[in-house]
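# Chains, contacts and geometry: an overview
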Amino acid sequence: MTPAVELLTPDLGLRDGELVDRLRRGWVVHGPQVRLVHPCPDARYYQHGWHSWSPARWVRIDRPPHRVEHQDRRLQGWDPGLDGADGHVSHWVGAVELPGGEILLLGALGVDAHVGASGDHLWGRSELALDWYVAIGPAQEVFEDYAARLGERLGSRTDDPGTLWCTWYSFGLDLSGERVLDVLGQLDGWPFDVFLVDDGWEVGVGDWEPNHRFPEGMTALADEVRATGRRPGLWLAPLIAHENSELARRHPDWLVTDAAGDPMVAGHNWGGRYHGLDTTHPAVREHLVALMRRVVHEWGWTYLKLDFLYAAAIPGWRHADDGREAAYRSGIELIRETVGDDVHLNACGAPIIPSLGVFDSLRIGPDVHPVWEDDFNARYIQDYAAPGTRYAVSTSVARLWLSDVITVDPDVAYFRTRYNLLRPDQRRLLADLCRITGFLATSDPPDWLDPEEATQLRDFLTQRPTVERLDWHRFELDGRLVDFSAASLDHPVADPWVTSGVHV
Ligand code: 9PG
């Protein structure tokens, strides 16, 4: 069936048949707004969240939009700039399933743009006029095509950092130089290329100096890592400042503010509020250059996980006002320029499309967790940006189409049963997702693993299975079927009898 797509942008002057032909080949239209009328009000809509942790999935257009309303909703990935928007809203890209199984996709070829679906139309809006990609075809093909066009506009940058060991998912903030050296010792003989010191080493979020638990200092620690033949990796959140940080106290004018000049709250963590830095402010730009020079050129860390990045793109007042995602992008471009091309930059909590072409790898889902889904969360608020292996797998699978333009990071896999409530099949699904992306990371310390778990981890790090994608959720790994439907938070295809017991 040929869908009756009506494209209501000015001056197209095309009749329907001609239009559909063009859309099958993929088409670029220009303007601040696009409206596409489609014949499928009860179909599913591909909703794409703002940053790494925000959900991406297929939702039914005729279900009420699901928004998490609590004080942390910014952190949870809902862009407050979209409050009041009608229907289901997306960032940069959305798509509708058409009868017969193909999709109609509308995607911005630039930043500061939104897409939404309500009733029988798909709309796109941006603050400034920009190019939009519109296409009809099989889902994977159309998404990959869109990604290729994005790559042409924003740049594409992929880099396999190799196998990675990260402190976060075993030790969290309970970190010290001593503990880091202990794990480094345990990893002797294990094939890890990168050793990543995650959150917990710093004096404060905004104050990027080692705390008292790291008396050896960051240069000596990077040297210790390098001496084991691994690349030293460090976590930092350079675009935020905690309310208690010295940076926030000394330089309130460096922060994104409200109209009254008070710092905007970008989220809550580390026992308080944190704010986003105004990356258009000349003093902030000087500060970022000095910080990156210190971490990379003075201390010697060459893999950086830059986190909570969305905070530099929240709505608010800035020194220069050319769009908030454009402001973010000018900040990360400055970081890239400062560190050079050889440093691997990993983006986390990052607005997705504005990060392309600058970062080497990008977290495409929320945090994994030694729990499939939190019971309270699943039952009551259904916040899919929260830590939970189900949420991480579901969102990451829905963003695999980005793989050609940036190395995608689905977070770490678990092999341990210690301190872990994941069932064996849930652990395997997560590890299979990591194998599919080729991003191979864990936080399991060898001394937490029994011999069988250790073998599984070693296989994970050393085997590179051939991957074939069968459809949106199903893959073959060395001929073995892997089906992500069990983790998926997609709404089922229209079925009037399925009304209870499903996620909103
Ligand atoms: C370090 C961690 C790890 C992790 C990141 C990020 O409060 N929160 O809602 C919240 C969300 C995400 C989060 C931490 C807290 O995780 O994704 O890998 O680096 O920061 O603090």
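Basis of the calculations
- Residues numbered from 1 in each chain as written.
- Predicted model: local features only at pLDDT ≥ 70, side-chain atom pairs only at ≥ 80, totals over all residues.
- Heavy atoms only, no water.
- Helix = DSSP H or I, 4+ residues; strand = E, 2+ residues; numbered from the N terminus.
- Polar contact = N/O pair within 3.5 Å; in protein donor to acceptor, adjacent residues only side chain to side chain.
- Contact = heavy atoms within 4.5 Å.
- Buried < 20%, exposed > 50% of the residue type's maximum accessible area, 1.4 Å probe, protein only.
- Pairing = 2+ DSSP bridges.
- 1 Å grid on protein atoms, 1.4 Å probe; cavity = no way out; pocket = protein on both sides within 12 Å on 5 of 7 lines; lining within 4 Å.
- Points joined across faces, edges and corners; volume = space filled by probe spheres on them.
- Axes fitted to C-alpha atoms, helices over the stretch in contact; angles between N-to-C directions.
- Left-handed = near helix turned anticlockwise from the far one by under 90°.

Mapped onto the fold, Asp112 is located in the loop between strand E7 (103-108) and strand E8 (113-118). In this structure the side chain of Asp112 is engaged in a polar contact, spanning 3.4 Å, whose partner is the backbone nitrogen of Arg324. At a separation of 3.2 Å, a polar atom in the side chain of Asp112 contacts the main-chain amide nitrogen of Ala326. Once you skip the residues sitting within four places of it in the chain, Asp112 turns out to touch Trp92, Arg125, Ser126, Glu127, Gly323, Arg324, Glu325 and Ala326.

Now for the side chain of Asp131. Relative to the helices and strands, Asp131 is located in strand E9 (residues 121-137). When neighbours within four sequence positions are excluded, Asp131 is seen to be in contact with Val28, Val29, His30, Gly107, Ala108, Leu109 and Arg153.

Now for the pairing of strand E6 (residues 93-97). A large share of E6 lies buried, amounting to four of its five residues. Relative to E6, strand E3 (residues 44-48) is paired through three bridges, and the arrangement is antiparallel. Looking at E6, one finds that Tyr46 is bridged to Ala95. Inspection of the sheet shows E6 paired to E7 by five bridges, in the antiparallel sense. Its bridge partner being in E7, Val96 is matched across the sheet by Leu104. The hairpin turn running from E6 into E7, its antiparallel successor, is five residues long, and Gly100 in that turn takes a positive phi close to 100°.

What follows covers the layout of surface pockets. In this structure, the second largest pocket spans a volume of roughly 290 Å³. If you trace the second largest pocket, you find 16 residues lining it, with Phe415, Pro424, Arg428, Arg435 and Gln456 closest to the centre. Of all the elements in the fold, those that place two or more residues in the lining of the second largest pocket are helix H11 (424-437) and helix H12 (451-462).

Another aspect to go through is the environment of Phe308. Relative to the elements of secondary structure, Phe308 occurs in the loop between strand E18 (303-306) and helix H8 (324-339). Taking C-alpha positions, Phe308 is 9.3 Å from His51, a pair spaced 257 residues apart along the chain.

Two numbers describe how helix H7 (residues 282-298) lies on H8: the axes approach to 9 Å, and their chain directions differ by 40°. In this structure, H7 meets H8 at a crossing whose hand is right-handed. Residues Arg285, Leu288, Val289, Met292, Arg293, Val296 and His297 of H7 touch H8, and the partners they reach there are Ser330, Gly331, Leu334, Ile335, Thr338 and Val339.

Keep in mind these values describe shape, not function.
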